[in-house]
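Each chain, letter by letter, is given below.
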Amino acid sequence: MSKVTEGQLAAGSLVLKAETKRLNFHYGAFQALKSISMPLYEKKVTALIGPSGCGKSTYLRCFNRMHDLYPGNRYEGEIVLYPDNTNLLHPHVDPIEVRMRISMVFQKPNPFPKSIYENVAYGLRVRGERKASIVDDKVEQALRGAALWDEVKHRLKHLAFNLSGGQQQRLCIARALATEPEILLFDEPTSALDPIATASIEELITDLKSKLTILIVTHNMQQAARVSDYTAYMYLGEVVEFDATDTIFIKPKNKATEDYITGRFG
Amino acid sequence: MDQIALKEIRDLIARHKRRDVIFAAVGLLCVSIAAITFTALVIDMVIDGSPRLSWDFFTNFPSRRPAHAGILSAWVGSTLVMLVTAVSAIPVGVAGAVYLEEYAPKNWFTAVIEINITNLAGVPSIVYGLLALGLFVYALGLGQSILSAGLTLGLLILPVVIVATREAIRSIPGSIREAAYAVGATKWETTWDHVLPYSLPGIMTGVIIGMARAIGETAPIITIGALTFIAFLPPSPITSTFPFVSFEWLMAPFTVMPIQMFNWTSRPEAAFHQNAAAAGLVLLLMTLSMNALAIYIRYRLRKRIKW
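Residues numbered from 1 in each chain as written. Chains lettered and ligands numbered in written order. Predicted model: local features only at pLDDT ≥ 70, side-chain atom pairs only at ≥ 80, totals over all residues.

1. Here's the deal with the overall build of chain A
Item 1. In terms of regular secondary structure, chain A is built from 11 helices and 10 strands.
Item 2. Principal axes of the C-alpha set define a box for chain A whose edges measure 55 × 40 × 40 Å.
Item 3. By the burial criterion, 45% of the 266 residues in chain A qualify as buried. (Helix = DSSP H or I, 4+ residues; strand = E, 2+ residues; numbered from the N terminus. Buried ≥ 20, exposed ≤ 12 C-beta atoms within 10 Å, placed from the backbone.)

2. Some words on the overall build of chain B
Item 1. Scanning chain B for helices and strands turns up 11 helices and 0 strands.
Item 2. In chain B, the succession of helices and strands from N to C terminus is α-α-α-α-α-α-α-α-α-α-α.
Item 3. Against the globule reference of 19 Å for 307 residues, chain B gives a C-alpha radius of gyration of 25 Å, more extended than a compact globule.
Item 4. Considering only C-alpha atoms, chain B reaches an extent of 90 × 60 × 35 Å along its principal axes.
Item 5. Every one of the 307 residues in chain B was classed for burial, and the buried ones make up 34%.
Item 6. Restricting the contact set of chain B to residue pairs at least 6 apart, pairs at least 24 apart contribute 77%. (Rg over C-alpha atoms; globule rule 2.2 N^0.38 Å. Contact = placed C-beta atoms within 7 Å.)

3. Things to note about the environment of B:Phe232
All names here are of chain B.
Item 1. Mapped onto the elements of the fold, phenylalanine 232 is located in the loop between helix H9 (219-223) and helix H10 (257-265).
Item 2. With 10 C-beta atoms packed within 10 Å, phenylalanine 232 lands in the exposed category.
Item 3. On a C-alpha basis, the gap between phenylalanine 232 and phenylalanine 61 in space is 7.4 Å, while along the polypeptide they are 171 residues apart.

4. Brief notes about the pairing of strand S6 (residues 102-105) of chain A
All names here are of chain A.
Item 1. The side-chain alternation of S6 yields two buried faces, one formed by Ile102 and Met104 and the other by Ser103 and Val105.
Item 2. Of the strand pairs in this sheet, S6 and strand S7 (residues 183-187) are connected by 4 bridges, and their pairing is parallel. In the sheet register, valine 105 faces S7, and the bridge partner there is phenylalanine 186. (Pairing = 2+ DSSP bridges.)

5. Thoughts on the packing of helix H4 (residues 116-126) of chain A against helix H7 (residues 165-177) of chain A
All names here are of chain A.
Item 1. As a packed pair, H4 and H7 sit with axes 7 Å apart at the nearest point and diverge in direction by 35°. The element H4 and its partner H7 pack so that their crossing is right-handed. Of the residues in H7, those in contact with Ile116, Asn119, Val120, Tyr122 and Gly123 of H4 are Leu171, Ala174 and Arg175.
Item 2. Per-class residue counts for the contact of H4 with H7 are 5 nonpolar, 2 polar and 1 charged. (Axes fitted to C-alpha atoms, helices over the stretch in contact; angles between N-to-C directions. Left-handed = near helix turned anticlockwise from the far one by under 90°. Nonpolar A, V, L, I, M, F, W, Y, C, P; charged D, E, K, R; others polar.)

6. So, the domain arrangement of chain B
Residue and element names in this part refer to chain B.
Item 1. Per the domain assignment, the segments making up chain B are domain 1 (3-52) and domain 2 (55-304).
Item 2. Of note, the centres of domain 1 and domain 2, computed from C-alpha atoms alone, are 36 Å apart.
Item 3. Contacts between the two partners involve 6 residues from domain 1, matched on the other side by 7 residues from domain 2.
Item 4. Counted by class, the side of domain 1 that touches domain 2 contains 2 nonpolar, 2 polar and 2 charged residues. (Domains from an automatic or database assignment.)

7. Comments concerning the nonpolar core
Item 1. Within the largest apolar cluster, 81 residues are counted, with the highest numbers of intra-cluster contacts made by A:Val105, A:Ala174, A:Leu185 and A:Ile216.
Item 2. Ranked by size, the runner-up nonpolar core spans 61 residues in total, among them B:Ala74, B:Trp75, B:Ala214 and B:Leu283. (Core = buried A, V, L, I, M, F, W, Y, C linked by C-beta atoms within 7 Å.)

8. Regarding the interface of chain B and chain A
Item 1. Taken together, the contact between chain B and chain A spans 17 residues of the former and 21 residues of the latter.
Item 2. Broken down by secondary-structure element, the contributors of at least two residues to the side of chain B that touches chain A are helix H7 (174-182) and helix H8 (187-215) of chain B.
Item 3. For the side of chain B that touches chain A, the leading source of residues is H7(B), giving 6 residues.
Item 4. Residue composition of the side of chain B that touches chain A, grouped by class: 8 nonpolar, 4 polar and 5 charged.

9. Focus on the pairing of strand S2 (residues 30-41) of chain A
Residues and elements named next belong to chain A.
Item 1. As paired elements, strand S1 (residues 16-27) and S2 share 8 bridges and run antiparallel to each other. Each bridged residue has a counterpart across the sheet, and for glutamate 19 the counterpart in S2 is proline 39.
Item 2. Hairpin geometry of S1 and S2 is characterised by an intervening segment of 2 residues between the two adjacent antiparallel strands and by a positive phi of about 60° at glycine 28.

10. Considerations on unusual backbone geometry
Residue and element names in this part refer to chain A.
Item 1. That bond from tyrosine 82 to proline 83 is cis: its omega, 5°, falls within 30 degrees of zero.
Item 2. Of note, proline 83 is situated in the loop between strand S4 (73-81) and strand S5 (86-87).
Item 3. Despite not being glycine, lysine 43 has its phi angle at roughly 55°, a positive value.
Item 4. By secondary structure assignment, the location of lysine 43 is in the loop between S2 and strand S3 (45-49).
Item 5. Its 15 C-beta neighbours within 10 Å are what place lysine 43 among the partly exposed residues.

11. Brief notes about helix H5 (residues 132-145) of chain A
Since there are 3.6 residues in each turn of an α-helix, residues three or four apart along the chain are aligned in direction.
All names here are of chain A.
Item 1. The terminal C-alpha atoms of H5 lie 20 Å apart, and with 14 residues this matches the ideal 20 Å at 1.5 Å per residue to within 8%.
Item 2. Taken together, the buried positions of H5 are occupied by Val139, Ala142, Leu143 and Gly145. Projection of H5 onto a plane perpendicular to its axis shows the buried side chains occupying an angular sector of 155°, all on one side. Across from the buried face of H5, at angles greater than 90 degrees, the exposed residues are Ser133, Ile134 and Asp137.
Item 3. Summarising the contacts, the buried residues of H5 are in contact with H4, helix H6 (149-152) and H7. (Expected span 1.5 Å × (residues − 1). Arc of directions from axis to C-beta.)

12. Quick look at the sheet that holds S1(A)
All names here are of chain A.
Item 1. With antiparallel pairing, 4 strands are arranged side by side in an open sheet as S2-S1-S4-S5. Lying at the two open borders of the sheet, with one neighbouring strand each, are S2 and S5.
Item 2. Note: S1 against S4, 8 bridges, orientation antiparallel. When the sheet's bridge partners are listed, tyrosine 27 is paired in S4 with asparagine 73.
Item 3. Sitting on the sheet, helix H2 (residues 56-63) is in contact with S1, S2 and S4, with an inclination near 65° to S2.

13. Examining the sheet that holds strand S8 (residues 213-217) of chain A
All names here are of chain A.
Item 1. The sheet built from 6 strands is open, its strands ordered S6-S7-S8-S3-S9-S10 with mixed pairing. Since the sheet does not close on itself, it has two edges, and those belong to S6 and strand S10 (238-244), each with one partner. Averaged over all neighbouring strand pairs, the angle between strand axes comes to 15°, with direction disregarded.
Item 2. Sheet topology places strand S9 (residues 230-235) next to S10; 6 bridges connect them, and they run antiparallel. In the strand pairing of S10, alanine 232 is matched with phenylalanine 242.
Item 3. Here H7 sits on the sheet in contact with S6 and S7, set at roughly 175° to S6.

14. Quick notes on H4(A)
Item 1. Among the 11 residues that make up H4(A), 9 are buried, leaving the element largely enclosed by the rest of the structure.
Item 2. For H4(A), the full list of buried residues reads A:Ile116, A:Glu118, A:Asn119, A:Val120, A:Ala121, A:Tyr122, A:Gly123, A:Leu124 and A:Val126.
Item 3. In this structure, the buried residues of H4(A) make contact with H5, H6 and H7 of chain A together with H8 of chain B.

Shown next as structure tokens:
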């Protein structure tokens, strides 16, 4: 942790939302993450960068226990969520409870083949919300939060597949927002989008951090520099360097980070 | 490139293209064998049977006089048996497939079940008839009834329903399941709200194709003891007194279309053979319209879902 962040923590301007402690992750016999330890600050955007296969998506998917869906995966270590000190990876913690607190937006837009409205409302329905007026309100709120409301308010009953790629991705963001998560995970959210749609998603991410904590995986270094406050550079399953984004991009301490940032590697 | 080399290449291409032409000709011949046979069969049946097709043919019971004989008991029997088949095979088959795809752990036990299901699809239908005779007719005491026949055909098409449902479930991309899990859905919610509705076109196609096979089955139905001559209908499912529905028809004796046909073809009089052709025509139309319905459903529902 750098001097700057320690100072800010002491001054109380930075609050820890989650902390990863000595996290190892195995796909069967293959160890994909090696002893990862790093903080996640509240209402900040933290970016994970690194070459393909470095484990950044694997790490992201630990936060909502996505790996539990497939057999043969194993976690060691902790991801502690504050303020309640819950270790997300503890075997007694239900992954469904974790996913109700931490939402995720995927690489490719993956709306359900249902209406725009039903896509956003699904998380609320899973939580047992049956009152139509409450669902209506929260759907509108989430669509506004994802900067999509004005484009779709007259066609909420239309199929989500009729939206453009960028709109579909914002719909997926609205779906993730509807349940008011504490942390929002983004797994390369713009890699399937054109530059204009990418810009609107990036703008949205910057807006969203006033309300929640964001962890984003990106293979685009400019994107990390544009949207994030903190950046972790990962290589071969390890976090090589974690620091404020400015520090990582202007004065990285590690030679490997510098080589990657400057394009000499990766 | 000089002229000689160029000519060599052109000769080579010409030789290779000749194989295209030869295969196209052989392929056309193979397709024609199937198409011509089917067309000849249909035309022959239409010529023989169509003069007998009339309203009376559908509303008359079988009779000793060919001109008065009809298929009323046969088509009602076939319809009711198919109803029992659908009601028994669809829930069991779909639930089994969902379990295998979404819930079952991937171990040797599941592998054995899977191999069994695949093999079950290849078991001759008469064997199902023997099983049903022992199990439904005698052991469970269901007798030679519509219920026994429906359950037998239900067993027969169960592998088809399971395999089709599994294929349909597998065609749903993992990203959709992950999307549901990511908002906090349980396995059951993911299955019920997403996997099943999105695989419905595939499931329905499989079910209808299975039913189209079942409606033409004769051997297992004869084995469990369908009647070849029956001049009354099963009791009506709707009654005038409370509770207004009756399930007595399930236990009624019956006949089905293919058995009626078989009965008529084994008569010496040519007029009965005409009746058989007409009944065959009706049966063929029933099967074809079921297949057409399957294609239509697949087309309509899949248009909405593009991954």
